[in-house]
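Listed here are the chains, written in short residue letters.
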Amino acid sequence: MTHPRYDLFDDVAVRLDSVSLRYDTSEDILSDIDLVLKPGSFSFLTGASGAGKTSLLKLLYLALKPSRGEVSLFGRPTSNLTRDQLSALRRRVGVVFQEFRLLEHLSAYENVALPLRVLGRREADYRADVEELLAWVGLGERLHAKPPTLSGGEQQRVAIARAVVTQPDILIADEPTGNVDPEMGTRLMRLFLELNKRRKTTVIIATHDLGLVRQVEAPVYRLANRLLVKDVEYGPDTVARRRTDPGKGI
Ligand SMILES: Nc1ncnc2c1ncn2[C@@H]1O[C@H](COP(=O)(O)OP(=O)(O)OP(=O)(O)O)[C@@H](O)[C@H]1O
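Numbers given to residues run from 1 along each chain, matching the order in which its sequence is written. Restriction of local features to residues with pLDDT of at least 70 applies here, the model being predicted, together with a cutoff of 80 or more for giving and counting side-chain atom pairs; totals for whole chains, interfaces and linings are based on all residues. Side-chain metrics rest on all non-hydrogen atoms present in the structure, leaving aside hydrogens and water.

Per an unreviewed UniProt entry, the recorded name for the protein is Cell division ATP-binding protein FtsE, and the organism is Hyphomonas johnsonii MHS-2. UniProt positions are given in the numbering used here, feature names are shortened, and annotations may be inferred rather than shown by experiment. UniProt, in the comment section headed Function (unreviewed entry), describes the protein in these words: "Part of the ABC transporter FtsEX involved in cellular division. Important for assembly or stability of the septal ring." Its UniProt record gives the protein a comment under Subunit (unreviewed entry), which states: "Homodimer. Forms a membrane-associated complex with FtsX."

This is the structure:
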């Protein structure tokens, strides 16, 4: 795999400055959020149902604009960019959704290849890469299977391959393990970690699943009462403490 395409002046992948969000005329869903994700970092986003995890992730992948504040990707403030400039930034961000969002009439191979086709790449140039990626997620034998014939875990692995086929610099996953069993959740988490380690992809994963969070030494951001806090309870400090003091489990 090649190195990510960070610009020379990028020292942050994602930056939120005093970001607030409200839908329509309602009250703020998110209020005064500051967040910095360094290139190559791996983080979790947690919070109760309705706390605003999906909304925050949508701000990060530029599907929503903040009501106040600034979202910057790769050192670039995004509020005044043109549609073309926004599209160019979005192409550097891969997204995995809880409900997979695969096209059912296309095979696993065709689903993963789709982003490359949209970019106008020729199949002869990408076929081997797509096959290699599907083998990496453990689906080398299911290239031609259509999503309805795949299990939830298999569909999510196709979705992960599709999200990373363009080699995004940031991978955003919204409850990616919500529809799979715990064993598959652990397996998917290993794929995210491997991607983060091998390609230095910046990864942020929203999840309710604290069991999964505890498996990884990574910062945990938690949304509560419209605010974002860095959670020390489940963060790497706690993991380190647990290692030295197994009696104090969380
Ligand atoms: N398009 C929308 N229009 C109006 N309100 C919305 C919209 N999308 C989300 N909301 C509201 O914003 C709040 C946060 O929703 P969001 O989906 O971001 O939370 P979440 O933490 O991801 O929840 P869950 O874990 O249940 O998926 C909720 O009160 C929700 O009803």
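## Comments concerning the site of the ligand
Note on terminology: near, applied to a residue and a molecule or strand, indicates that one of the residue's heavy atoms is within 4 Å of it. Near the ligand you find Tyr23, Ile29, Ala48, Ser49, Gly50, Ala51, Gly52, Lys53, Thr54, Ser55 and His208, and these make up its full shell. Pairs of N or O atoms are called polar contacts if they sit within 3.5 Å, as long as, within protein, a hydrogen donor faces a hydrogen acceptor (for residues adjacent in sequence, only side-chain-to-side-chain pairs). A distance of 2.8 Å separates an oxygen atom of the ligand from a polar atom in the side chain of Lys53. Note on areas: these come from Shrake-Rupley sampling with a 1.4 Å probe, and a residue is covered only by the protein chains present in the view. Burial of the ligand by the protein chains amounts to 56% of its free accessible area of 630 Å². Put simply, Ala, Val, Leu, Ile, Met, Phe, Trp, Tyr, Cys and Pro go in the nonpolar bin, Asp, Glu, Lys and Arg in the charged bin, and everything else, Gly too, in the polar bin. A class-by-class count of the residues in the shell around the ligand yields four nonpolar, six polar and one charged.

## A look at helix α5 (residues 152–164)
Strands are runs of DSSP state E lasting at least 2 residues, helices are runs of H or I lasting at least 4, and numbering of each runs from the N terminus. A helix is expected to span 1.5 Å multiplied by its residue count minus one. In this model, α5 (13 residues) spans 19 Å end to end at C-alpha, consistent with the 18 Å of a helix rising 1.5 Å per residue. Note on exposure labels: buried denotes an accessible area under 20% of the residue type's maximum, exposed denotes more than 50%, and partly exposed covers the range between, all computed with a 1.4 Å probe on protein chains only. Extensive coverage of α5 is indicated by the burial of 12 of its 13 residues. Restricting attention to buried positions, one finds in α5 the residues Gly153, Glu154, Gln155, Gln156, Arg157, Val158, Ala159, Ile160, Ala161, Arg162, Ala163 and Val164. Contacts are assigned to residue pairs with any non-hydrogen atoms lying within 4.5 Å of each other. Structurally, α5 contributes buried residues whose contacts are with β6 (93–97), α3 (108–118), α4 (123–136), β7 (170–174) and α6 (182–199).

## Some details on the pattern of salt bridges
Salt-bridge detection follows one rule: a side-chain nitrogen of Lys or Arg within 4 Å of a carboxyl oxygen of Asp or Glu. Counting across every chain of the model gives nine salt bridges. Asp28 is the partner of Arg22 in a salt bridge, and the nearest nitrogen-oxygen pair spans 3.0 Å. The exposure class assigned to Arg22 is partly exposed, which follows from its relative accessible area of 38%. Arg142 is paired through a salt bridge with Glu154; the nearest N and O atoms lie 3.7 Å apart. Here Arg142, found in the loop between α4 and α5, pairs with Glu154, found in helix α5; they are 12 residues apart in sequence, far enough to count as distant. The exposure class of Arg142 is partly exposed, given its relative accessible area of 30%. Here Glu154 falls in the buried class, since its relative accessible area comes to 17%. What emerges from the salt-bridge pattern is a single network uniting Arg22, Asp28 and Arg68.

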